[in-house]
Amino acid sequence: MEPGGELRVTRQRRVLLDELCKVTSHPTADDLYQMVRQKLPRISLGTVYRNLELMAEQGMIQKLEIGGTQKRFDGNADLHYHVRCLNCGRVDDLDLPPDCRVEQEAAQRTSFKILRHRLEFSGLCPDCQNMDS
Ligand SMILES: [Zn+2]
Ligand SMILES: [Zn+2]
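Since we're looking at a predicted model, the values are computed, not measured.

Peer 1: Before we go on, may I ask you to explain the overall build of the chain in this structure?
Peer 2: A tally of regular secondary structure across the chain gives five helices and five strands. In sequence order, the chain lays out its α and β elements as α-α-α-β-β-β-β-α-β-α. Here the C-alpha atoms of the chain give a radius of gyration of 18 Å, more than 25% beyond the 14 Å that 2.2 N^0.38 yields for 133 residues. By principal-axis analysis of the C-alpha atoms, the chain measures approximately 55 × 50 × 20 Å. Relative to its 133 residues, the chain shows a buried fraction of 16%. Of all intrachain contacts in the chain linking residues separated by at least 6 positions in sequence, the fraction that spans at least 24 positions is 47%.

So, in structure tokens, the structure goes:
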């Protein structure tokens, strides 16, 4: 690694994390690349992607396994639900407390120790609903 390389990686992650935590739009790696380019003019899309994957593995951020063509990332690593627009792909947070009972129920009905669950909501966002009228 070149001198100062480690410091650069740390700074890249910090900037990425800062930008990701500022928004609730659940950006893709592409979106984040555009967002950090001002602050990190020399960063590549591949580096952004690698850093995001790593931070997700470490539990600092969340990688959303939600329908759609591109993976999206979330600065909020706590369990929360999302709602996705089937028309424009927008993903919003859903202000609904995660349901722990479903995990207990699932554990009771199987021999599994349940560690997590995922619930996906989808529909039409307000903007896309208005396009009809
Ligand atoms: Zn929409
Ligand atoms: Zn979220």
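Peer 1: Could you clarify how one ought to interpret the domain arrangement of the chain in this entry?
Peer 2: How big an interface is tends to be stated in terms of the accessible area lost upon association of its parts. Under the domain assignment used here, the chain contains domain 1 (1-77) and domain 2 (79-133). When each unit is reduced to the centre of its C-alpha atoms, the spacing between domain 1 and domain 2 is 23 Å. Of the residues belonging to the side of domain 1 that touches domain 2, the class tally is two nonpolar, five polar and two charged.

Peer 1: Looking at this model, I keep getting lost on the environment of Leu96. Mind explaining?
Peer 2: Tracing the sequence through the fold places Leu96 in the loop between β4 (91-94) and α4 (100-109). Considering only alpha carbons, one finds Leu96 and His82, 14 residues apart in sequence, at a separation of 9.3 Å.

Peer 1: What am I meant to see in the sheet that holds β4 here?
Peer 2: In a beta sheet, neighbouring strands pair by backbone hydrogen bonds and run either parallel or antiparallel. The sheet built from three strands is open, its strands ordered β4-β3-β5 with mixed pairing. Pairing within the sheet leaves two strands with one partner each, and these edge strands are β4 and β5 (120-123). On average, each strand axis in the sheet is inclined to that of its neighbour by 30°, with strand direction left out of account. Here strand β3 (residues 81-85) pairs with β4 via four bridges, running antiparallel. The partner of Tyr81 across the bridge, within β4, is Leu94.

Peer 1: Help me understand the nonpolar core, please; the structure alone is not making it clear to me.
Peer 2: As a rule of thumb, nonpolar side chains are buried together in soluble globular proteins. Formed by Leu16, Leu20, Ala29, Leu32, Tyr33, Met35, Val36, Val48, Leu52, Met55, Ile61 and Phe73, the largest nonpolar core amounts to twelve residues. Looking at this core, the elements that each hand over two or more residues are α1 (5-22), α2 (29-36) and α3 (45-57). For this core, the element with the most residues is α2, which contributes five residues. With sequence-adjacent residues up to four places away left out, Leu32 is seen in contact with Leu16, Glu19, Leu20, Pro27, Val48, Leu52 and Phe73.

Peer 1: Mind showing me how you'd approach unusual backbone geometry here?
Peer 2: Working note: non-glycine residues mostly have negative phi, and peptide bonds are mostly trans. Located in the positive-phi region is His26, a residue other than glycine, with phi close to 55°. Of note, His26 is situated in the loop between α1 and α2. Look at His26 and you get buried, because 24 C-beta atoms sit within 10 Å.

Peer 1: Would you mind going over the packing of α1 against α2 with me for this structure?
Peer 2: Any two packed helices are characterised by the angle at which their axes cross and by the distance between the axes. α2 packs onto α1 with a crossing angle of 110° between their chain directions and a minimal axis gap of 10 Å. With respect to their mutual orientation, α1 and α2 come out roughly perpendicular. Along its contact with α1, which presents Val15, Leu16, Glu19 and Leu20, the element α2 presents Leu32, Met35 and Val36. Along the lines of polarity and charge, the residues of the contact of α1 with α2 split into six nonpolar, no polar and one charged.

Cut-offs applied
Residue positions are counted from 1 within each chain, in the order its sequence is given. Both sets of labels track the order of writing: A upward for chains, 1 upward for ligands. Per-residue local features are limited, in this predicted model, to residues with pLDDT of at least 70; the limit for side-chain atom pairs, both in listing and counting, is 80 or more; totals at the level of whole chains, interfaces and linings are taken over all residues. Put simply, DSSP marks the helices as runs of H or I at least four residues long and the strands as runs of E at least two long, and each gets a number from the N terminus on. Based on C-alpha atoms, the radius of gyration is set beside the globule rule, defined as 2.2 Å times the residue count to the power 0.38. Counting other C-beta atoms within 10 Å of a residue's C-beta gives its exposure: the residue is buried at 20 or more, exposed at 12 or fewer, and partly exposed in between, where C-beta atoms are placed from the backbone. The contact criterion used is a C-beta to C-beta distance within 7 Å, with each C-beta placed from the backbone. An automatic or database domain assignment is the source of the domain bounds shown. When residues are sorted by character, Ala, Val, Leu, Ile, Met, Phe, Trp, Tyr, Cys and Pro go into the nonpolar class, Asp, Glu, Lys and Arg into the charged class, and all the rest, Gly among them, into the polar class. DSSP bridges decide pairing: two strands pair if at least two such bridges lie between them. For every element, the axis is a line fit to its C-alpha atoms; helices are fit only across the contacting stretch, and the angle between N-to-C directions ranges from 0 to 180 degrees. Think of a nonpolar core as buried Ala, Val, Leu, Ile, Met, Phe, Trp, Tyr and Cys residues chained together by C-beta atoms that fall within 7 Å. Should an angle lie under 35 degrees it is considered roughly parallel, over 145 roughly antiparallel, and from 65 to 115 roughly perpendicular; all remaining angles are considered oblique.

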